[in-house]
Amino acid sequence: LWRSVWKGPFADPLQPGDPPRGTRRSTILPEWVGKKIAVHSGKAWVPVFIQEGMIGHKLGEFVPTRVKHVGKDALSKQPKKFHKGGGGGR
């Protein structure tokens, strides 16, 4: 859902710290360009460097909350890309 234009973008004030901390739900404002802001991933504070292309997006979009888990079985079933010696190559 889009926020009404007359309300303006929603942004919680940055909490003091080094780097300052922001909430995932805050919209990135033009004043923040060039700053490094820490955003919580659910487990740790992750620093995000704000660039011009990020304006209007939410801080939470740039910090993943899930870690892709690759099991031991999946690793052993992957085909080998490079084989050592032997094998008649064309």
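Note that the structure is a prediction, hence the values are computed from the model and not measured.

### Focus on the overall build of the protein chain
- The helix and strand tally for the protein chain stands at one helix and three strands.
- Moving toward the C terminus, one meets the helices and strands of the protein chain in the order β-β-β-α.
- When the accessible surface of the protein chain is summed, it comes to about 7,800 Å², and 56% of that surface belongs to carbon and sulfur atoms.

### Things to note about the nonpolar core
- Ranked by size, the top nonpolar core spans ten residues in total: Ile-28, Leu-29, Trp-32, Ile-37, Val-39, Val-48, Ile-50, Met-54, Leu-59 and Val-63.
- When near neighbours in sequence (up to four residues on either side) are disregarded, Trp-32 contacts Ala-11, Asp-12, Leu-14, Ser-26, Thr-27, Ile-37, Ile-50 and Leu-59.

### A short note on the sheet that holds strand E1 (residues 21-22)
- An order of E1-E2-E3 is seen for the three strands of this open sheet, with the pairing classed as mixed. Taken across any chain shown, the strands that pair with only one partner, and hence form the sheet edges, are E1 and strand E3 (45-49).
- Here E1 runs beside strand E2 (residues 36-40); their pairing, made up of two bridges, is parallel. Across the sheet, Gly-22 pairs through a bridge with Val-39, a residue of E2.

### With respect to the side chain of Thr-27
- Summarising the element assignment, Thr-27 is placed in the loop between E1 and E2.
- Within polar-contact distance, the side chain of Thr-27 engages the side chain of Lys-58 at 3.0 Å.

### Overview of the pairing of E3
- Two strands pair when backbone bridges link them, and E2 and E3 are joined in this way by five bridges, in the antiparallel orientation. The residue of E3 that forms the bridge with His-40 is Trp-45.
- The turn joining E2 and E3, which pair antiparallel and follow one another in sequence, is formed by four residues; a positive phi near 105 degrees is taken by Gly-42.

### A short note on the confidence of the model for the protein chain
- Taken residue by residue, the protein chain gives an average pLDDT of 87. The fraction at 70 or more is 84%.
- At the low end of the mean pLDDT range in the protein chain sits helix H1 (residues 72-77), at 73; at the high end sits E2, at 96.

### Some remarks on unusual backbone geometry
- Cis geometry marks the peptide bond from Asp-18 to Pro-19; its omega dihedral reads 0 degrees.
- One can find Pro-19 in the segment before E1.

Quick notes on the rules
- Residues numbered from 1 in each chain as written.
- Predicted model: local features only at pLDDT ≥ 70, side-chain atom pairs only at ≥ 80, totals over all residues.
- Heavy atoms only, no water.
- Helix = DSSP H or I, 4+ residues; strand = E, 2+ residues; numbered from the N terminus.
- Areas by Shrake-Rupley, 256 points an atom, 1.4 Å probe, with all protein chains shown as cover.
- Core = buried A, V, L, I, M, F, W, Y, C linked by side-chain atoms within 4.5 Å.
- Buried < 20%, exposed > 50% of the residue type's maximum accessible area, 1.4 Å probe, protein only.
- Contact = heavy atoms within 4.5 Å.
- Pairing = 2+ DSSP bridges.
- Polar contact = N/O pair within 3.5 Å; in protein donor to acceptor, adjacent residues only side chain to side chain.
- pLDDT = per-residue confidence, 0-100.

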